[in-house]
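Listed below are the residues making up each chain.
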Amino acid sequence: MPATPLHIAGFCDPDFALVKHTFTDNLQQRGELGASVSVMHKGKIVVDLWGGYQDIAQTKPWEKDTLVCVMSVSKGIASICLLALADQNKINLDDPIANYWPEFAQAGKENITIRCLLAQLAGLPVADAAPENSLFQQDVLVKAFEVQTPLWEPGSTPCYHSFSYGPLCQHIVERVTGKTLGTFLREDLFGPRGIEFYVGLTTEEESRCTEILVDENVPSINGMRDDSSLLAKAWRPAPLDPPEAFFQNSEFRRGEFASANGHSNARALAKIYGALSQEGGGIINNTLLEDAIVEQWNAVEKMTNRHFRYSSGFMLNNRHFSLGENDRSFGHPGLGGAIAFADPDENLGFGYCGNRIHAVDNNGPCGKALIDAVYKSL
């Protein structure tokens, strides 16, 4: 019986044929289940491909409008929300968070600035007062962060706020705009631009979501299960076991958790970061963005003991997560292989996301191969 033909669809500029070849190899040889990849270069989409399967049983082909959870790629989008508010003069990055959220000024947090949070230097990776399974009890989480004491002097210690970053950004957005972060994305930031990035899905959008296949021994998930780790302490409010059920639960998909439950596709990610890569791209003015991508630290951070570089809101190109060939490239990775970034000097936006969570603590073989292929094609 002949093998089922490999399902790949979309568009690829001939100059970027190596990217399509690499994407095909990801599905045929590197264990990808289903995925999409997109590249915007100098304001033009040059790659927009999707392929493989939405479901673990491999019965539903990945479609043009398929949505997938992009995990911590969502954190970069949360950053963009705060930067957009700064661009609109609704906040100042160097103001204390408490200027906009007065109840935050407790337990030594009165001077923590928005920039300090954006740079993963706030010292607030945990919410000790939030009980297990309280992730979507927003009032409980907010109050827990209000009474939380920083684990160290704010501004002193790089620590990837793996769990807490999204909820903290969400509440600032809500205090400033009167809208949830997900609503702000729909009504103000991405919806008017026709960009599909959602934090909190509708019923129709949820029907377009992929299943999630989770490998054994994913390093971050192992850390979340290790009761002695800071990662486990941070993620206590999330009902993670088993992770497959957590990622596919309707409460997870429809709730708002900007650390990890953004749903999107590569086309949207490339458009977002492609716009950011160009002066006058329309999302954030260039002066503010250049300030936001200045390196704030280059160090081994406390949450996962990995060596990162970070700016005010974005991960910068680093030894764990390749963002191409430019040290100024900025964006954010997601658990198991998703990644989105901008190269501001090449005017390049890149997005890649799949529905298999690979057992990696970096780009993984699929994302890295595609990024290499893009730069070879330029």
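This one's a predicted model, so the numbers in the text were calculated from it and none came from an experiment.

Criteria and cut-off values
- Residues numbered from 1 in each chain as written.
- Predicted model: local features only at pLDDT ≥ 70, side-chain atom pairs only at ≥ 80, totals over all residues.
- Heavy atoms only, no water.
- Disulfide = S-S within 2.5 Å.
- Buried < 20%, exposed > 50% of the residue type's maximum accessible area, 1.4 Å probe, protein only.
- Pairing = 2+ DSSP bridges.
- Helix = DSSP H or I, 4+ residues; strand = E, 2+ residues; numbered from the N terminus.
- Axes fitted to C-alpha atoms, helices over the stretch in contact; angles between N-to-C directions.
- Parallel < 35°, antiparallel > 145°, perpendicular 65-115°, else oblique.
- Left-handed = near helix turned anticlockwise from the far one by under 90°.
- Contact = heavy atoms within 4.5 Å.
- Nonpolar A, V, L, I, M, F, W, Y, C, P; charged D, E, K, R; others polar.

Caption draft 1: Just the state of the cysteines, in detail. The tally for this structure, following the rule as stated, stands at 0 disulfides. Take C81: it sits in no disulfide, and the sulfur closest to it among the cysteines is that of C169, at 8.2 Å. On the basis of relative accessibility, which here comes to 0%, the residue C81 falls in the buried class. C209 takes part in no disulfide bond, and the closest cysteine sulfur, belonging to C69, lies 8.2 Å away. For C209, a relative accessible area of 9% puts it in the buried group.

Caption draft 2: Main features of the sheet that holds strand 4 (residues 68-69). Reading across the sheet, the 3 strands line up as 4-7-5 and stay open at both edges, with antiparallel pairing between neighbours. Both edges of this open sheet fall to strand 4 and strand 5 (198-199), since each of them pairs with a single strand only. Looking at chain direction, strand 4 and strand 7 (residues 262-264) are connected through 2 bridges and run antiparallel. Bridging from a neighbouring strand, C69 pairs with H263 of strand 7.

Caption draft 3: Just the packing of helix 2 (residues 73-87) against helix 6 (residues 181-189), in detail. As a packed pair, helix 2 and helix 6 sit with axes 11 Å apart at the nearest point and diverge in direction by 60 degrees. Comparing their axes, helix 6 and helix 2 come out oblique. Here helix 2 and helix 6 pass one another in a crossing that is left-handed. Taken together, the residues of helix 6 that come into contact with helix 2 (itself represented by I77, A78, I80, C81, A84 and L85) are L181, F184, L185 and L189. A class-by-class count of the residues in the contact of helix 2 with helix 6 yields 10 nonpolar, no polar and no charged.

Caption draft 4: Spatial organisation of the pairing of strand 8 (residues 297-300). Where strand 8 lies against strand 9 (residues 307-310), 4 bridges are found, and the strand directions are antiparallel. If you follow N298 over to strand 9, its bridge partner there is R309.

Caption draft 5: Representation of unusual backbone geometry. Put simply, D241 and P242 share a cis peptide bond, and its omega is -10 degrees. Looking at the element boundaries, P242 is found in the loop between helix 9 (230-234) and helix 10 (243-248). Residues other than glycine seldom take positive phi values, yet K42 does so here, at roughly 55 degrees. Of note, K42 is situated in the loop between strand 2 (34-41) and strand 3 (44-52). Of the residues examined, K42 reaches a relative accessible area of 58% and is grouped as exposed. Although it is not a glycine, Q120 adopts a positive phi angle of roughly 60 degrees. Note that Q120 resides in the loop between helix 3 (114-118) and helix 4 (138-147). The class of Q120 is buried, set by a relative accessible area of 0%.

Caption draft 6: Local environment of the sheet that holds strand 9. Spatial strand order, 1-3-2-13-12-11-10-9-8: 9 strands in an open sheet with antiparallel pairing. Only two strands of the sheet have a single partner each, and these edge strands are strand 1 (8-12) and strand 8. Sheet topology places strand 10 (residues 315-316) next to strand 11 (residues 330-333); 2 bridges connect them, and they run antiparallel. Bridge pairing in strand 11 places L316 opposite F330. Across the sheet, helix 1 (residues 17-28) lies against strand 1, strand 2, strand 3 and strand 13 (348-354), angled at about 20 degrees from strand 3, the strand it touches most. Helix 12 (residues 266-276) rests against strand 2, strand 3, strand 11, strand 12 (339-343) and strand 13 of the sheet, and its axis sits at about 155 degrees to strand 13.

Caption draft 7: Fine view of the packing of helix 2 against helix 5 (residues 165-177). The N-to-C vectors of helix 2 and helix 5 enclose an angle of 30 degrees; their axes lie 10 Å apart at closest approach. Here helix 2 lies roughly parallel to helix 5, going by the angle between them. Regarding helix 2 and helix 5, the two cross each other, and that crossing is left-handed. Every residue of helix 5 that contacts helix 2 at K75, A78, S79, C81, L82 and L85 is listed here: Y165, C169, I172, V173, V176 and T177. Considered class by class, the residues forming the contact of helix 2 with helix 5 number 9 nonpolar, 2 polar and 1 charged.

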